[in-house]
Amino acid sequence: MQTSFSLAQLADPDVAEADKILRACVHCGFCTATCPTYLLLGDELDSPRGRIYLIKDMLENDRPASEEVVTHIDRCLSCLSCMTTCPSGVHYMHLVDHARAHIEETYRRPIGDRLLRALLAWLMPRPRLFRIPLLFGILAKPFAPLLKGIGLTWLAAMLKLVPGKIPPHPSEQGRVSLAQGERTARVALLTGCVAPVLAPDINAAAVRVLNRHGIEVVSVAGEGCCGSLAHHMGREHEALTMVRANVDAWTAEMDRAGLDAILVTASGCGTTIKDYGFMLRNDPAYAEKAAKVSGLAKDISEYLAAMTLQPVAGHPALNVAYHAACSLAHGQKVVHQPRQMLSDAGFAVQEIPEGHICCGSAGTYNILQPELAGQLRDRKIRNIERIKPDVIAAGNIGCITQIATGTVIPVVHPVELVDWATGGPVPAVLERRISTETPL
Ligand code: SF4
Ligand code: SF4
């Protein structure tokens, strides 16, 4: 694709990067075939190619974002399915990230939208505060249909995602979990912000599996939200503040006691952490440290699949429908490792039809775009239920929460199954099914 940025525009490294990405696109349109929003809406402007044209026009002409651009960019899930399909290697993720930041800088959203976004960006990275509205949410959950009926769709969508109960908050920061037997490696495990509130069992399972296999695990003091929620809302300043804080925390830990890897159990966070090096490439004080952090970041499944797991006898060889979170499959290209890890642990892995299509979770998408997110969730669940699994496994807390709102099939993180298979407890949602004697 030809571009016509001026030399003055190209002096901005973000614009120069956008120019490079735009030039790689050959307009072939292969990406439209796998784009969830194009699939649902059939509008070229809701396809990757259409969005690329909108972004090109906005950036080349140095225009503030228009309502039309905002509408179509907001509908993009950042699922990155288009990046998997594109034969030309167009880095859509970096392009749309830049477009979202441009929108945030130049477009004034309606007041309700601004308040909602500000609230989400402020609240969700703060796990202790985030618990408070969730507790109110449990009480208000039965009124979700009523709220939807009077037009408060965003509030109804939020309530739908609230779990039935909130587990106690684990105090993890600074905790070191020692390896059993001889220590073979030392890793940091990202605590995260939403996951420890909604599903602390996931990281607890990861720690047990790692310790059992000779790995010492540290939850590094000073780390916090990975920044992806703010980043995907275009709030670059907030996102980069969180990114720098994490880089500082992990760098200090590397210098103090050494780290062989930084492991992540929420793939949405993992994709962003692997991009820290790019996000801070123009910051001389952080570029090198951020690149080092990105180089050490791994999804838990990547790490465990490279090890020899030691399953114990006695757990049922369940049929597991593996839902490939977009951030893991398309964002990180971690495709075979989660399947291999589950299979090594003794489970029968089932492929979900249309597995490349997003479940509609996508960070805050299911709150900000509840109609489209709901259609994608229903489509995903129809596809899952066709293969009649015993359990669904997904490597991202967002997908787990989204899918669990629409099906009675238990949804777990793959590492919870691996923990069970290697001597840990039965995952809580499966235990509930077993204890109520519902056939698995
Ligand atoms: S990121 Fe997903 S929703 Fe956005 S354009 Fe690409 S395929 Fe479509
Ligand atoms: S598949 Fe790649 S090269 Fe083709 S239109 Fe889409 S982004 Fe451009």
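About the thresholds
Each residue is numbered by its place in its chain's sequence as written, counting from 1. Throughout, the order in which chains and ligands are written sets their labels, letters from A for the former and numbers from 1 for the latter. Where local features are concerned, this predicted model is filtered to residues with pLDDT of at least 70; where side-chain atom pairs are given and counted, the filter is 80 or more; whole-chain, interface and lining totals use all residues. Only buried Ala, Val, Leu, Ile, Met, Phe, Trp, Tyr and Cys residues enter a nonpolar core, and they are joined through C-beta atoms within 7 Å. Exposed residues have 12 or fewer other C-beta atoms within 10 Å of their own C-beta, buried residues have 20 or more, and residues in between are partly exposed; the C-beta atoms are placed from the backbone. Helix and strand definitions here come from DSSP, where helices need a minimum of 4 consecutive H or I residues and strands a minimum of 2 consecutive E residues; each element is numbered from the N-terminal end. Domain limits in this description derive from either an automatic procedure or a database domain assignment. What counts as a contact here is a pair of residues whose C-beta atoms, placed from the backbone, lie within 7 Å. Residues are classed as near a molecule or strand if the C-beta position derived from their backbone is within 6 Å of it. Residues are grouped as follows: nonpolar covers Ala, Val, Leu, Ile, Met, Phe, Trp, Tyr, Cys and Pro; charged covers Asp, Glu, Lys and Arg; every other residue, Gly included, is treated as polar. Inter-axis angles, ranging from 0 to 180 degrees, are taken between N-to-C directions of lines fitted to C-alpha atoms, where helices are fitted over the stretch in contact. The scheme is simple: roughly parallel for angles under 35 degrees, roughly antiparallel for over 145, roughly perpendicular for 65 to 115, oblique for anything else. The hand of a helix crossing depends on one turn: near helix anticlockwise from the far one by less than a right angle means left-handed, and clockwise means right-handed.

Peer 1: Residues and numbers for the nonpolar core, please.
Peer 2: In terms of nonpolar packing, the biggest core is built from 130 residues, with A188, A206, I262, V320, A393, I403 and L417 touching the most fellow members. In terms of residues, this core owes the most to one element, helix α13 (residues 200-212), which gives seven residues. There are two domains that each give this core at least three residues, and those are domain 1 (7-106) and domain 2 (311-435). Once residues within four sequence positions are removed from consideration, V320 is found in contact with L342, F347, A348, V349, Q350, P389, V391, A393 and L417.

Peer 1: So what's going on with the site of ligand 1? Residues and values would help.
Peer 2: Around ligand 1, a shell composed of 13 residues is seen, among which C35, P48, C76, C79 and C82 lie nearest. Where the shell around ligand 1 is concerned, the elements lending two or more residues are α3 (36-41), α4 (48-60) and α6 (81-85). Along the lines of polarity and charge, the residues of the shell around ligand 1 split into nine nonpolar, three polar and one charged.

Peer 1: Can you break down the domain arrangement of the protein chain residue by residue, with the values?
Peer 2: The domain boundaries assigned to the protein chain delineate domain 1 (7-106) and domain 2 (311-435). Distance between the C-alpha centres of domain 1 and domain 2: 29 Å. The partner domain 2 presents 13 residues to the 15 residues of domain 1 that form the contact. Mapped onto the side of domain 1 that touches domain 2, the elements with two or more residues apiece are α3 and α6.

Peer 1: Tell me about the packing of α4 against helix α7 (residues 92-106), and name the residues and values.
Peer 2: Contact geometry of α4 with α7 gives a least axis separation of 11 Å together with a crossing angle of 50°. Considered as vectors, α4 and α7 are oriented oblique to each other. α7 is crossed by α4, and the crossing has left-handed handedness. Contact residues: α4 offers P48, R51, I52, I55, M58 and L59, while α7 offers Y92, L95, V96, A99 and H102. When its residues are assigned to classes, the contact of α4 with α7 shows nine nonpolar, one polar and one charged.

Peer 1: So what's going on with the environment of A257? Residues and values would help.
Peer 2: Looking at the secondary structure, you find A257 in helix α15 (residues 236-257). With 222 residues separating them along the chain, A257 and C35 place their C-alpha atoms 44 Å apart.

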